[in-house]
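Residue-level structure breakdown
Letter by letter, the chains look like this.
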Amino acid sequence: MKIVIIQLINYTLSFVMWMILGRIILSLILGGRQNFVTALFAKITDPAYRITQRILPFAKGGWVPFFTIVLIIIIRLAIIIIFQPGTRR
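These notes cover the structure that comes with them. What you see is a predicted model, and the numbers here were worked out from it, not measured in a lab.

In this section: the packing of helix 1 (residues 2–30) against helix 3 (residues 63–82). Where helix 1 contacts helix 3, the two axes come as close as 10 Å, and the packing angle between them is 160°. Our classification of the angle between helix 1 and helix 3 gives roughly antiparallel. When you trace helix 1 past helix 3, the crossing you get is left-handed. Judged by residue contacts, I6, I9, N10, L13, S14, V16, M17, I20, L21 and I24 of helix 1 engage P65, T68, I69, I72, I73, I75, R76, I79 and I80 from helix 3. When grouped by side-chain class, the residues that make up the contact of helix 1 with helix 3 number 15 nonpolar, 3 polar and 1 charged.

Below, the structure written as structure tokens:
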């Protein structure tokens, strides 16, 4: 059961990371215009941005997505290293 929860957390973090990348690409393509899809991406990624800005108060403007992705990668790596499949704890 524990491995299922760990995998769910890992997949959720992966999903948020890809949503951030999608939001970046959409903003480059659409030039900042708002529509339903961009609003959906914003609704999903904004909570992660707020957490990043609380953890790293110097993260402002266009650097917030970068630092958010870096934090997600660090957390995912930590989860993989700590809860390696095949190791019993």
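Next comes the rest of the account.
As a further point, take the nonpolar core. Residues V16, I20, A59 and I72 are the most contacted members of the largest nonpolar core, which totals 14 residues. Secondary-structure elements contributing two or more residues to this core are helix 1, helix 2 (36–55) and helix 3. If we ignore the near neighbours within four places in the chain, the residues touching A59 are Q53, V64 and F67.

On to the packing of aromatic side chains, then. The description of an aromatic ring pair rests on the distance of the ring centres and on the angle between the ring planes. Across all of its chains, the model carries 4 aromatic pairs by this definition. Pairing W63 with F66 gives two aromatic rings, centres 5.7 Å apart and planes at 85°, and the pair type is edge-to-face. In this pair, W63 and F66 are both assigned in helix 3, 3 residues apart and thus about one turn of the helix distant. For W63, a relative accessible area of 54% gives the class exposed.

On to helix 2. Across its 20 residues, helix 2 extends 29 Å between first and last C-alpha, which sits within 8% of the 28 Å expected from 1.5 Å per residue. Taking the largest bend as the criterion, helix 2 deviates by roughly 40°, centred on T45, and proline P47 comes between one and four positions later. Of the residues making up helix 2, those classed as buried are T38, F41, A42, T45, A48, Y49 and T52. N-capping of helix 2 is provided by N35, with a side-chain oxygen placed 3.0 Å from the backbone N of V37.

The residue I3 is located in helix 1 in this model. In this structure the C-alpha to C-alpha distance between I3 and F83, which are 80 residues apart in sequence, comes to 8.0 Å.

Quick notes on the rules
- Residues numbered from 1 in each chain as written.
- Predicted model: local features only at pLDDT ≥ 70, side-chain atom pairs only at ≥ 80, totals over all residues.
- Heavy atoms only, no water.
- Axes fitted to C-alpha atoms, helices over the stretch in contact; angles between N-to-C directions.
- Helix = DSSP H or I, 4+ residues; strand = E, 2+ residues; numbered from the N terminus.
- Parallel < 35°, antiparallel > 145°, perpendicular 65-115°, else oblique.
- Left-handed = near helix turned anticlockwise from the far one by under 90°.
- Contact = heavy atoms within 4.5 Å.
- Nonpolar A, V, L, I, M, F, W, Y, C, P; charged D, E, K, R; others polar.
- Core = buried A, V, L, I, M, F, W, Y, C linked by side-chain atoms within 4.5 Å.
- Buried < 20%, exposed > 50% of the residue type's maximum accessible area, 1.4 Å probe, protein only.
- Phe/Tyr/Trp six-rings, centres within 6.5 Å; stacked < 30°, edge-to-face > 60°.
- Expected span 1.5 Å × (residues − 1).
- Bend = angle between axes of the 7 residues up to and from the residue.
- Polar contact = N/O pair within 3.5 Å; in protein donor to acceptor, adjacent residues only side chain to side chain.

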